[in-house]
Amino acid sequence: MARPKTIITCAVTGAIHTPTMSDALPYTYDDIAEQAVAAAEAGASILHLHARDPETGAPSVDPEDFMGFLPRVKQATDAVVNISTGGSLTLSIQDRIKPAATFSAEMCSMNMGSMNFSFHPLAKRFETWKFDWERDYVEGSDGNIFRNTFRDIEEAATTLAPHDIKFEHECYDVGHLYNLKFCMDIGLFKAPVFIQFVMGILGGIGADIDNLVFMKKTADKLFGDTYRWSILSAGAAQIPMATTASQMGGHVRVGLEDSLFISRGTLAESNAQQVAKIRRIVEDLGSEVATPDEAREILDLKGGDKVTF
Ligand code: KMH
Ligand code: ZN
C-alpha cells in the first residue's frame, strides 16, 4: 500500500513567542510575502501566517497588516493560507479571530486550552534588542496566561463557523485533546479534525518521543480514525521530532515561528531553508510530500477560491 503523503506546514512569521532577534525572521510586508512564497516553492503546502507591525515588528491582528502580504501570497502560490488566531498573549479572543473572519481563510489556528506560555528564559540570552517592546514582552511572559477558555473557544468556533474554515487545533498538552473531544461532543467542531501536537513550549508538554507516542495514543483513543495530525516542536527539537512524526504517519510543521535554527547552534537563513530540510528528510525516508491540492483533499478544505483576499 502506498504511504500517505506528508503535508508540510510552514509557520513563517510567528509573533506570540518569537522575538525578532534573528535577522532572518520576516516582519515587513515584503519580507513576509517573499518568505511565504519561497517556503511554498520549497514544498510547504500550508502557510501558517501571523502579521506584524511593519515598523516595530510587534504582533498585529490588524487586517490591514495582513493585507500587506496576503494578496501577494495568493497571487504567487496556490498554497493554503492558514491565518493565526493566536495573535499575542495580551489580546482578547475577539481581536484575535478578526483576521481569519475578515478574510474567510481556508484554515486558521484554534488554541485548545488556557495555559502558561512562557519564553522569559530567552531574555537572558540577549543583551541588545532590535525593538523597544521586545524586552518587556519577553521578560513579562512569565506573568501571562495564554487565555483560551471554553467560552473563548466557543466564541471563536461560532463566529468562524459560517466561513467554513478548517481549524488547526493546537493542542499543547494531553488535556487539550480532551478539551477538543468535549467541544466536539457539544457540537462545536465536526470530525475529521486536524490536530497540531504542539510540543516543547514552556507551559506545555515536553518535546520527546515518549510524549509524542502518548499524545498519539490518546488521540487514537478519543478520535479513532476520524482525525488527521501534525506536529510542531519548539526550538532545537523542531526537525528531529518532525522526522519521527513523519515516520508515524503524521504531518509536519516547521518555520521560524517555532525555531530560529536550522541545526543546533546555527540560525536558519530563511523559512524555505527549514522547509527544504524537512522535505529532504521526508523524501529520503520514502514518503512523498503533498502538493497544496493534495493537502486540500486530505484535509477536506473549501478551496483557495473561497477566501476574500
Ligand atoms: N507557535 C505556536 C507554538 C497560533 O498561531 O494560534 C503557537 C501558535 C498559535 O501557532
Ligand atoms: Zn502561530
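An unreviewed UniProt entry lists the protein chain under the name 3-keto-5-aminohexanoate cleavage protein, with Tropicimonas omnivorans given as the organism. According to UniProt, the comment filed for the protein chain under the heading Cofactor (unreviewed entry) is "Zn(2+)".

(A) Main features of the site of ligand 1. Surrounding ligand 1, one finds 15 residues, the nearest of these being His 17, Ser 84, Ser 109, Glu 257 and Asp 258. At a separation of 2.7 Å, an oxygen atom of ligand 1 approaches a polar side-chain atom of Ser 109. When ligand 1 is considered free in solution it has 300 Å² of accessible area, and contact with the protein chains removes 100% of it. Given that more than half its atoms are within 2 Å of the pocket grid, ligand 1 belongs to the largest cavity.

(B) Seen up close, the sheet that holds strand β9 (residues 166-171). Here 8 strands make up a closed barrel; going around it, the order is β1-β2-β5-β6-β9-β10-β11-β12 and the pairing parallel. Each strand of the sheet is rotated relative to its neighbour by a mean of 25 degrees, with strand direction disregarded. Bridging between strand β11 (residues 227-233) and strand β12 (residues 251-254) involves 2 bridges; their strand directions are parallel. Its bridge partner lying in β12, Ser 230 is registered against His 251. Helix α6 (residues 150-160) rests against β6 (107-111) and β9 of the sheet, and its axis sits at about 165 degrees to β6.

(C) Layout of helix α8 (residues 209-223). Across its 15 residues, α8 extends 21 Å between first and last C-alpha, which sits within 8% of the 21 Å expected from 1.5 Å per residue. Inspection of α8 places Asn 211, Leu 212, Met 215, Lys 216, Thr 218, Ala 219, Leu 222 and Phe 223 among the buried residues, and these make up the whole buried set. Taken down its axis, α8 places every buried residue within 165 degrees of arc, on the same side. In α8, the exposed positions angled more than 90 degrees off the buried face are occupied by Asp 210, Lys 217 and Lys 221. The N-capping residue of α8, defined by a side-chain oxygen 3.2 Å from the backbone nitrogen of Asp 210, is Asp 208. Phi turns positive, to about 55 degrees, at Gly 224, one or two residues after α8.

(D) Spatial organisation of the packing of helix α1 (residues 29-42) against helix α10 (residues 271-284). With their axes 8 Å apart at the nearest point, α1 and α10 run at an angle of 15 degrees to one another. The orientation of α1 with respect to α10, classified from their angle, is roughly parallel. The two elements α1 and α10 meet at a crossing, and its hand is right-handed. Contacts from Gln 35, Ala 38, Ala 39 and Ala 42 in α1 reach Asn 271, Ala 272, Val 275, Ala 276 and Arg 279 in α10.

(E) Spotlight on the pattern of salt bridges. Evaluated as defined, the whole model comprises 17 salt bridges. Lys 5 is the salt-bridge partner of Glu 294, the closest N and O atoms lying 2.9 Å from each other. In this pair, Glu 294 sits in helix α11 (residues 292-299) while Lys 5 sits in the segment before β1 (8-11), placing the two residues 289 residues apart along the sequence. Asp 305 is paired through a salt bridge with Lys 306; the nearest N and O atoms lie 3.7 Å apart. Overall, the relative accessible area of 45% leaves Lys 306 in the partly exposed class.

(F) Summary view of the layout of surface pockets. Volume-wise, the largest pocket comes out at about 630 Å³. For the largest pocket, the lining is made up of 28 residues, of which Leu 122, Arg 125, Ala 234, Gly 235 and Asp 258 are closest to its centre. Partitioned by chemical class, the residues of the lining of the largest pocket number 15 nonpolar, 9 polar and 4 charged. Considering only enclosed or pocket space, the second largest pocket measures out at about 450 Å³ in volume.

(G) Region of the structure containing empty space enclosed by the protein. A complete count under the given rule lists 2 cavities of 30 Å³ or more for this structure. By volume, the largest cavity is sized at about 100 Å³. For the largest cavity, the lining is made up of 17 residues, of which Ile 16, Glu 170, Tyr 172, Arg 253 and Glu 257 are closest to its centre. Estimated volume of the second largest cavity: approximately 30 Å³. In this structure, the second largest cavity is lined by Thr 85, Ile 93, Arg 96, Met 110, Asn 111, Asn 148, Asp 152 and Ile 153. Secondary structure elements with two or more residues in the lining of the second largest cavity: α4 (93-102), β6 and α6.

(H) Quick peek at the packing of aromatic side chains. Counted according to the given criterion, the structure contains 15 aromatic pairs. Seen from their ring centres, Phe 150 and Phe 182 are 5.3 Å apart, and the 65 degrees between their planes marks the pair as edge-to-face. Placement of Phe 150 in helix α6 and of Phe 182 in helix α7 (residues 174-185) is noted, with a sequence separation of 32 residues between them. For Phe 150, a relative accessible area of 41% translates into the label partly exposed. Taken together, the ring pairs connect Phe 117, Phe 119, Trp 133, Tyr 137, Phe 146 and Tyr 172 into an aromatic cluster. The side chain of Lys 74 reaches across the aromatic face of Phe 309, ending 5.7 Å from its centre.

Cut-offs used in this document
- Residues numbered from 1 in each chain as written.
- Chains lettered and ligands numbered in written order.
- Predicted model: local features only at pLDDT ≥ 70, side-chain atom pairs only at ≥ 80, totals over all residues.
- Heavy atoms only, no water.
- UniProt positions renumbered as here; feature names shortened; annotations may be inferred.
- Near = heavy atom within 4 Å.
- Polar contact = N/O pair within 3.5 Å; in protein donor to acceptor, adjacent residues only side chain to side chain.
- Areas by Shrake-Rupley, 256 points an atom, 1.4 Å probe, with all protein chains shown as cover.
- 1 Å grid on protein atoms, 1.4 Å probe; cavity = no way out; pocket = protein on both sides within 12 Å on 5 of 7 lines; lining within 4 Å.
- Sits in = over half its atoms within 2 Å of the grid points.
- Pairing = 2+ DSSP bridges.
- Helix = DSSP H or I, 4+ residues; strand = E, 2+ residues; numbered from the N terminus.
- Axes fitted to C-alpha atoms, helices over the stretch in contact; angles between N-to-C directions.
- Contact = heavy atoms within 4.5 Å.
- Expected span 1.5 Å × (residues − 1).
- Buried < 20%, exposed > 50% of the residue type's maximum accessible area, 1.4 Å probe, protein only.
- Arc of directions from axis to C-beta.
- Parallel < 35°, antiparallel > 145°, perpendicular 65-115°, else oblique.
- Left-handed = near helix turned anticlockwise from the far one by under 90°.
- Salt bridge = Lys/Arg side-chain N within 4 Å of Asp/Glu carboxyl O.
- Points joined across faces, edges and corners; volume = space filled by probe spheres on them.
- Nonpolar A, V, L, I, M, F, W, Y, C, P; charged D, E, K, R; others polar.
- Phe/Tyr/Trp six-rings, centres within 6.5 Å; stacked < 30°, edge-to-face > 60°.
- Lys NZ or Arg CZ within 6 Å of the ring centre and 35° of its normal.

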